[in-house]
4 protein chains.
Amino acid sequence: MVTELLDQDVPARAGRPRDPRLDDAIVAATLALLEERGYAGLSFTAVATHAGTTKPAIYRRWSSKRDLVLEAVFRTQGDDVVANTGDLDADMRTMVRWSLEKLGSPVGRAALAGLLAEPPGTAGTPTDQLTLVWRRMDERFREAIERGEIRQGLDTSSLIVMQAGAAMLATALYGESAIDDTWVERIAGMILDGVRGDRG
Amino acid sequence: MVTELLDQDVPARAGRPRDPRLDDAIVAATLALLEERGYAGLSFTAVATHAGTTKPAIYRRWSSKRDLVLEAVFRTQGDDVVANTGDLDADMRTMVRWSLEKLGSPVGRAALAGLLAEPPGTAGTPTDQLTLVWRRMDERFREAIERGEIRQGLDTSSLIVMQAGAAMLATALYGESAIDDTWVERIAGMILDGVRGDRG
Amino acid sequence: MVTELLDQDVPARAGRPRDPRLDDAIVAATLALLEERGYAGLSFTAVATHAGTTKPAIYRRWSSKRDLVLEAVFRTQGDDVVANTGDLDADMRTMVRWSLEKLGSPVGRAALAGLLAEPPGTAGTPTDQLTLVWRRMDERFREAIERGEIRQGLDTSSLIVMQAGAAMLATALYGESAIDDTWVERIAGMILDGVRGDRG
Amino acid sequence: MVTELLDQDVPARAGRPRDPRLDDAIVAATLALLEERGYAGLSFTAVATHAGTTKPAIYRRWSSKRDLVLEAVFRTQGDDVVANTGDLDADMRTMVRWSLEKLGSPVGRAALAGLLAEPPGTAGTPTDQLTLVWRRMDERFREAIERGEIRQGLDTSSLIVMQAGAAMLATALYGESAIDDTWVERIAGMILDGVRGDRG
DNA sequence: TGATAAGCGAGACGGTACGTCCGGTCTTGAG
DNA sequence: CTCAAGACCGGACGTACCGTCTCGCTTATCA
């Protein structure tokens, strides 16, 4: 189909439209401040000043610090994580590396902090981008099962939380600098070693 | 050996001694509020009111929300994690279960949030109790290497962050209720499967 | 004369306007607490609680306890002290009575305390309302000189401080209950006796 | 009685006696700080530091800031106000001058502030030294009545509060520098003019 | 002479109040 | 309906100080 464009059903609301440059400026300011001061040190007031706008303009777009941070951090297109080259070992390393970058970096830490700080009732709901990525990882593991690369009956979600959790915790505990490519290979290898299809 | 370690031989500092009941009341109030409102919703003011004391009394004991939360959450004696029965599979499950309890519970989430919310420079330094537990886990894994239960040359710290990270992330994503004993066995099994000594 | 002074033609400043009910509540709370506990026992915290608002709301309006108390106490329109009926004796009694009410009452005491407690450099600057009243008294005395009711060359400000000071000190020393109409007549009479025009 | 001395019934209490040098040091520090920062700016902590002692040592002697200030300010022997030379005009000026010095000086202001700031119930009770002086003034006026220098039936206490109140208020309003000997003569003259015996 | 008692400097404690920051809301005036 | 500008309300912050208490010691009176 040709007229497949216009993936925006935006009903063209009345009134002055939002200034799209503000969205970018706010996100950029958020990331910069997050990197500099962490989640606890981030304030709407500071973001507004840094982005050259005002608090109400931010509140019109995001209703809380948590939402702002999550979107700013996980804005990734998600496509760049593909991790499906056919080589499971390589793909696993890519996933671990992605987890490290996203969860282990200062802004990732901040996003997690925002997620965890919420009141207990308000569980998961990470954010669409993040779940998208995890869905892709999940698909890759299911494919590996089909291909016989790893054992049948495995819980694929466990594979995800193992590698992502390890990445998160390792940077939180040992610092970013302590985690390098060797670490990535080690973790990827240890996990895959436990699930190889050629084992049973 | 006598090891008559005479109760620390406190040097009897000058000044009025602290009221020990306040320590307990503050910690109890912190845990209660953490469970109810999460890390973000915790304030020194509220803790003070709930504990029947005042903010300065808390600040004299803990210099920040992070410190207060970490100590309140990880006050465990540490001894109850032993996890050294000789049966590696059982011990691994115990460790995972401990991680789940400590990191996956509402208060555990809150403690992690506090850890992660800090500005980037201020890395790990979790808290003495937590590192104590991890040291014990580490010792158990080294022992397993010596006994040939798991392969030589393994990085024991990776084993720790894998199981603890998985526990943490799984509860954060799927909620406490979704994580049960089956999950514990699965994770413990998957990790050990990748490192068994009888494999090489 | 039209004098349609159109209510100040407020320039409609930017930003949210103040809640006028808070002004009243704060002043009322201040007077109530002043009457109950005196100047020393008055705190911004207590005023805020009693007025059902918060400290910042008070600080936005008055920058110090002294300012708050002075305005709360001397909010009088000033017009009700007229004291110019043509009968000097009666007018003098009216002035003395006003001084008693304003300076001798519990809240008046408190206002004076606030005035006097300031560091030495920060002299008088009583408050606009108070100086307004004194200016009116001054005018009345000057008129009396012109009419020959009292001697020429008199320092009118001395007349003011004598009656006001006496009122203030008498209540401070003997208590409000000890000061009645007889006292007012006596003081008014003694002062006027010393300055009558028919004397020279 | 001759052996009128020994106005000390001190029962020679047990325990270590108080260090008399501390009394003086504390009073001196109080006056110095009062002059420098006013009543509101005076703190026990500062007095203790300035006097080279500690807070408990001060609290053992005076139970409140008010008590400390009043005693420090009105410690006068009282004898030096004599004001009884036989010349009523001169004596009156002496009294006014004394009032000015004691009530109008920075420390006097501070003492008054302390007096007035108390909760309403806690009325007068100035301090023994101050009432002593006022009693002497009172005696002088009664004598003047007996001698026929001033009219009979006058309320002597009114004469006192008039001159003292005027002195207090004048310095509070116009500042110390604005009040000089001319002012003293004027006030003394105006009061006496109203009460001379040769008038009736 | 030894016991008792109150004083001392030092210094931390529990708690009141302070003065400020900032999160979230609201208003104006313009686009 | 948005924008910038900006003030508002109120929750919470981190700190200063008050008045009290405990310590280890000193200095007196009393037994």
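The text that follows walks through the structure, step by step, so that each part is easy to find. (Residues numbered from 1 in each chain as written. Chains lettered and ligands numbered in written order. Predicted model: local features only at pLDDT ≥ 70, side-chain atom pairs only at ≥ 80, totals over all residues. Heavy atoms only, no water.)

**Some details on the overall build of chain A**
Turning to step 1, where the next piece is worked out: When its secondary structure is counted, chain A shows nine helices and zero strands.
Turning to step 2, where the next piece is worked out: Starting at the N terminus and ending at the C terminus, chain A contains elements arranged as α-α-α-α-α-α-α-α-α.
Turning to step 3, where the next piece is worked out: Out of the 200 residues belonging to chain A, those deemed buried represent 50%.
Turning to step 4, where the next piece is worked out: For chain A, the proportion of contacts with a sequence separation of at least 24, taken over those separated by at least 6, is 69%. (Helix = DSSP H or I, 4+ residues; strand = E, 2+ residues; numbered from the N terminus. Buried < 20%, exposed > 50% of the residue type's maximum accessible area, 1.4 Å probe, protein only. Contact = heavy atoms within 4.5 Å.)

**Regarding the protein's contact with DNA strand F**
Turning to step 1, where the next piece is worked out: Contacts to DNA strand F come from 43 residues, most closely from Arg60(A), Lys55(B), Tyr59(B), Ser43(D) and Tyr59(D).
Turning to step 2, where the next piece is worked out: Here DNA strand F approaches the protein such that, of its atoms within 4 Å, sugar and phosphate make up 63%.
Turning to step 3, where the next piece is worked out: At 2.6 Å from a phosphate oxygen of DNA strand F is found a side-chain nitrogen or oxygen belonging to Arg60(C).
Turning to step 4, where the next piece is worked out: Here a phosphate oxygen of DNA strand F and a backbone polar atom of Phe44(D) are 3.1 Å apart.
Turning to step 5, where the next piece is worked out: Elements that contribute at least two residues to the surface near DNA strand F include exactly α3 (55-59) of chain A, α2 (44-51) and α3 (55-59) of chain B together with α2 (44-51) and α3 (55-59) of chain D.
Turning to step 6, where the next piece is worked out: Partitioned by chemical class, the residues of the surface near DNA strand F number 17 nonpolar, 12 polar and 14 charged. (Near = heavy atom within 4 Å. Polar contact = N/O pair within 3.5 Å; in protein donor to acceptor, adjacent residues only side chain to side chain. Nonpolar A, V, L, I, M, F, W, Y, C, P; charged D, E, K, R; others polar.)

**Some remarks on the interface of chain A and chain B**
Turning to step 1, where the next piece is worked out: Facing 49 residues of chain A, the contacting portion of chain B comprises 50 residues.
Turning to step 2, where the next piece is worked out: Here chain A packs against chain B, burying approximately 4000 Å² in sum over the two surfaces, 68% of which is carbon and sulfur.
Turning to step 3, where the next piece is worked out: On the chain A side of the contact with chain B, Arg109(A), Leu116(A) and Met190(A) bury the most area, a combined 18% of that side's loss.
Turning to step 4, where the next piece is worked out: Scanning the region where chain A abuts chain B turns up four salt bridges.
Turning to step 5, where the next piece is worked out: Measuring nitrogen to oxygen at the nearest pair gives 3.4 Å for the salt bridge that ties Asp155(A) to Arg186(B).
Turning to step 6, where the next piece is worked out: At the surface where chain A touches chain B, the tally comes to six residue pairs in polar contact (both at pLDDT 80 or more).
Turning to step 7, where the next piece is worked out: Among the elements of the structure, α1 (20-37), α6 (106-117), α8 (156-174) and α9 (181-193) of chain A are those that each provide at least two residues to the side of chain A that touches chain B. (Buried area = accessible area lost by both parts, 1.4 Å probe. Salt bridge = Lys/Arg side-chain N within 4 Å of Asp/Glu carboxyl O.)

**Thoughts on the relation of the copies chain C and chain D**
Turning to step 1, where the next piece is worked out: Overlay of chain C on chain D (RMSD 0.2 Å): rotation 180 degrees, translation along the axis 0.1 Å. This pairing of chains is accounted for by a two-fold axis. Of the C-alpha atoms belonging to chain C, the one lying closest to the rotation axis is found on Gly194(C), 1.6 Å away.
Turning to step 2, where the next piece is worked out: Most of the interface of chain C is mirrored in chain D, where 98% of its interface residues again form contacts. (Least-squares fit on C-alpha atoms with pLDDT ≥ 70 in both.)

**Section: the protein's contact with DNA strand E**
Turning to step 1, where the next piece is worked out: Near DNA strand E you find 44 residues, and of these Tyr59(A), Arg18(B), Lys55(C), Tyr59(C) and Arg60(D) are the closest.
Turning to step 2, where the next piece is worked out: Looking at DNA strand E alone, sugar and phosphate atoms form 58% of those within 4 Å of the protein.
Turning to step 3, where the next piece is worked out: Between Tyr59(C) and DNA strand E, the recorded distance is 2.4 Å, taken from a side-chain N or O atom to a phosphate oxygen.
Turning to step 4, where the next piece is worked out: Within the side chain of Thr54(D), a nitrogen or oxygen atom sits 3.3 Å from a phosphate oxygen of DNA strand E.
Turning to step 5, where the next piece is worked out: Contributing elements (two or more residues each) for the surface near DNA strand E: α2 (44-51) and α3 of chain A, α2 (44-51) and α3 (55-59) of chain C together with α3 of chain D.
Turning to step 6, where the next piece is worked out: When grouped by side-chain class, the residues that make up the surface near DNA strand E number 18 nonpolar, 11 polar and 15 charged.

**Topic: the interface of chain C and chain D**
Turning to step 1, where the next piece is worked out: Across the boundary between the two partners, chain C contributes 49 residues, which contact 49 residues of chain D.
Turning to step 2, where the next piece is worked out: Both faces combined, the contact of chain C with chain D buries some 4000 Å², and carbon together with sulfur accounts for 68% of it.
Turning to step 3, where the next piece is worked out: Here chain C is connected to chain D by four salt bridges.
Turning to step 4, where the next piece is worked out: For the salt bridge of Arg151(D) with Asp193(C), the shortest nitrogen-to-oxygen distance reads 3.5 Å.
Turning to step 5, where the next piece is worked out: Where chain C packs against chain D, one counts six residue pairs in polar contact (both at pLDDT 80 or more).
Turning to step 6, where the next piece is worked out: For the side of chain C that touches chain D, the elements supplying multiple residues, two or more each, are α1 (20-37), α6 (106-117), α8 (156-174) and α9 (181-193) of chain C.
Turning to step 7, where the next piece is worked out: Looking at the side of chain C that touches chain D element by element, the count peaks at 14 residues for α8(C).
Turning to step 8, where the next piece is worked out: Among the residues making up the side of chain C that touches chain D, the classes are represented as 32 nonpolar, seven polar and 10 charged.

**Examining the nonpolar core**
Turning to step 1, where the next piece is worked out: Core analysis: the largest hydrophobic core is formed by 130 residues, its most contacted members being Trp183(C) and Trp183(D).
Turning to step 2, where the next piece is worked out: Val107(A), Ala111(B), Leu159(B) and Val184(B) belong to the second-largest nonpolar core, a separate cluster that totals 129 residues. (Core = buried A, V, L, I, M, F, W, Y, C linked by side-chain atoms within 4.5 Å.)

**Some details on the relation of the copies chain A and chain B**
Turning to step 1, where the next piece is worked out: Superposing chain A onto chain B takes a rotation of 180 degrees plus a shift of 0.2 Å along the axis, which leaves an RMSD of 0.2 Å.
Turning to step 2, where the next piece is worked out: The overlap is high: 100% of the interface residues of chain A also sit at the interface in chain B, so the same surface is used on both sides.

By themselves, these are just geometric observations and shouldn't be taken as functional.
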